[in-house]
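This is what each chain is made of:
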Amino acid sequence: MKGLLLKDLYGIKASGKAYLSSVLIFVVLSFALRNVAYMGAMITILMGSLPLNILTGDEACVWARYAMTMPVKRSQLVTVKYLLLCLIVPLAIAATMAVGAVLGAVLHTSLIESVIIALACGAISLFSMSFSLMCCFWLGTEKARILTAVSYMLPMFLVYGVYFLFQRGEIALADVTAEQLAAAAVLCLVAAAVFAILFWRISCRIINKRDL
Amino acid sequence: MKDAVVVKDVTKRYKGFTLDHASFRVPQGSIVGFVGENGAGKSTTIRAILDLIRLDGGEVEVLGLNAQERQDAAWRENIGAVFDTGHIPDYLTVEQIDRVMGAVYRQWERDTFQNFVRRFSLPAKKKYKDFSRGMRMKLSLAVAMSHGARLLVLDEATSGLDPIVRDEILDLFLEFIQEEDHSILISTHILSDLEKAADYIVFIHQGRVLFEEEKDRLLENYGIVHCTAEQAERLPQELTAGRRDNRFGTDVLVRDRRKAAMQFPGLALDPASIEDIMLYLAKKEGRIS
């Protein structure tokens, strides 16, 4: 497992410069647009997609077949990708909070707004990426592309759905306090973590039955 | 003699191809050449041996362990596998591969690996994607042979390599096999490599193992009789293994060229190479009894 994780970390290191440049571009864009949410979403999506990109590379070189000639369990091939996701999402949340705090100081927005955005984006990223990983283990990265796109749509539709319900119920968003929103964001993160565990379990089952 | 690998009635069905009750052995301390045309079932069989696919029938025993006993992944410490395309991620360097494998294998021998790296002149900091095919194969072999493996399984590992690199690699195999509990199963369609290194030949054609035989016995016994179509008809069925008609006459592959020479002293007879044997048998599309 340690070896597999090390291999993936080298993969992240190899694409690190490109990712860092992209993040910097989005930070600059956020300043220009005076929009913390935009930056938060882009950082978490970008960072969250790292395990998926590593998996795409693995599939291209048929790494799984080679790895399975080593003293490694099939389930470990799956677990390492979810583990990576679990390491990256908190980092993405922290990065979003940090940049959001700087941005907030400049744009005079509240810190709690950055925290809420970071947690919500982290939850979306964790849900979407763990779902995408499961789809990739199930169908292969090529065929799973549409489902990967759908995985980002689902939380967005959910957010719009909630917003729509608020409107129908004539509950003004202004009535919701920042603390309540922060609590909701934490709950979303917990729910995403529960889904991630479920998707991980399903992925393990998929790979155990698959020919390599 | 103990067997490093026993493949018994292994069956795997795919759409359009069936590996059909394949059976053969890899005796301990030997190099077994696994030959057959593209799509004959070599890679499928190798994947079955490495537990990479689920079988529709039959069983495989590797290093004395049956499928149940191989549930624990630790047994794979004792095998080294090399595939035709390497399967190593492009972004890894030799140094990084050393560290990754050091964390994967409990028995990783860093000194042995570094010796191979020096011997093969592999650049430590160059990424795998920038390696030539020969370098990639050498690196895969270095990994396979640096963790105390007792069995090497090589799937088309020498394909696409120039003769000099192939020769180097074959020498390496011969070194590896010096240990009496070491064994190699190598699938290839470069038959000259097997004539140099293999002890046994297993020939697979259209998903069926047509024969497994000692290489020396094959080369010693099989022969090609050059005759007319009428003379070919007179050759006993149990002696003939294949036949090719051409405009100059008929060539017949015989299983025992000495017997053929004694029974038909007037006929021109040449020894058969492994390639000849493979081609005649593949053309016949039948099993030799």
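Here is a short report on the structure shown in this document. (Residues numbered from 1 in each chain as written. Chains lettered and ligands numbered in written order. Predicted model: local features only at pLDDT ≥ 70, side-chain atom pairs only at ≥ 80, totals over all residues. Heavy atoms only, no water.)

In terms of regular secondary structure, chain B is built from 10 helices and 13 strands. Relative to a compact globule of 289 residues, whose C-alpha radius of gyration would be 19 Å, chain B shows 21 Å and is just as compact. When the backbone C-alpha atoms are referred to their principal axes, chain B occupies close to 65 × 40 × 35 Å. A fraction of 70% describes how many contacts in chain B between residues 6 or more apart in sequence connect residues 24 or more apart. Working note: accessible area of chain B is about 13,000 Å², and carbon and sulfur atoms make up 45% of it. (Helix = DSSP H or I, 4+ residues; strand = E, 2+ residues; numbered from the N terminus. Rg over C-alpha atoms; globule rule 2.2 N^0.38 Å. Contact = heavy atoms within 4.5 Å. Areas by Shrake-Rupley, 256 points an atom, 1.4 Å probe, with all protein chains shown as cover.)

Looking now at the interface of chain B and chain A. The interface of chain B with chain A comprises 30 residues on the first partner and 29 residues on the second. At the junction of chain B and chain A, the tally comes to 1 salt bridge. Taken together, the links from chain B to chain A amount to 12 residue pairs in polar contact (both at pLDDT 80 or more). Contributions of two or more residues to the side of chain B that touches chain A are made by β1 (3-14), β5 (79-83) and α2 (94-104) of chain B. The element that contributes the greatest number of residues to the side of chain B that touches chain A is α2(B), accounting for 6 residues. Along the lines of polarity and charge, the residues of the side of chain B that touches chain A split into 19 nonpolar, 3 polar and 8 charged. (Salt bridge = Lys/Arg side-chain N within 4 Å of Asp/Glu carboxyl O. Polar contact = N/O pair within 3.5 Å; in protein donor to acceptor, adjacent residues only side chain to side chain. Nonpolar A, V, L, I, M, F, W, Y, C, P; charged D, E, K, R; others polar.)

Backbone-to-backbone hydrogen bonds join strands into a sheet, with any given pair of strands oriented parallel or antiparallel. Residues and elements named next belong to chain B. In spatial order, the strands read β11-β12-β10-β13; together these 4 strands make up an open sheet with antiparallel pairing. Edge positions in the sheet fall to β11 (240-246) and β13 (268-271), since each has one partner strand and no second. Neighbouring strand axes in the sheet, compared pairwise and without regard to direction, differ in orientation by 20° on average. As paired strands, strand β10 (residues 223-227) and β13 are joined by 4 bridges and run antiparallel to one another. Looking across to β13, one finds that H226 is bridged to A268. Packed on one face of the sheet, helix α10 (residues 274-284) meets β10, β11, β12 (249-254) and β13 and runs near 85° to β11. (Pairing = 2+ DSSP bridges. Axes fitted to C-alpha atoms, helices over the stretch in contact; angles between N-to-C directions.)

Geometry of a packed helix pair, given as the angle between the helix axes and the separation of the axes. Relative orientation of the contacting elements helix α1 (residues 2-33) of chain A and α2(B) amounts to 155°, with a least axis distance of 7 Å. Relative to α2(B), α1(A) is oriented roughly antiparallel. Contact with α1(A), carried on its side by A:K2, A:G3, A:L4, A:L6, A:K7, A:Y10 and A:K13, involves B:Q96, B:R99, B:V100, B:A103 and B:V104 of α2(B) and no other residues of that element. A per-class count over the contact of α1(A) with α2(B) returns 6 nonpolar, 2 polar and 4 charged. (Parallel < 35°, antiparallel > 145°, perpendicular 65-115°, else oblique.)

Let us now look at the pattern of salt bridges. Tallied over the entire structure, the rule returns 21 salt bridges over all chains. With its nearest N and O atoms 3.6 Å apart, the salt bridge here joins A:E142 to A:R145. Judged by relative accessible area, which is 56%, A:E142 ranks as exposed. Owing to a relative accessible area of 53%, A:R145 belongs among the exposed residues under this scheme. The salt bridge partner of B:R70 is B:D51, with a shortest N-O separation of 2.9 Å. You can see B:R70 sitting in the loop between β4 (57-62) and β5 and its partner B:D51 sitting in the loop between α1 (42-49) and β4, a full 19 residues away along the chain. Counted as one network, the salt bridges with shared partners bring together A:K7, A:D8, A:D58 and A:K81. (Buried < 20%, exposed > 50% of the residue type's maximum accessible area, 1.4 Å probe, protein only.)

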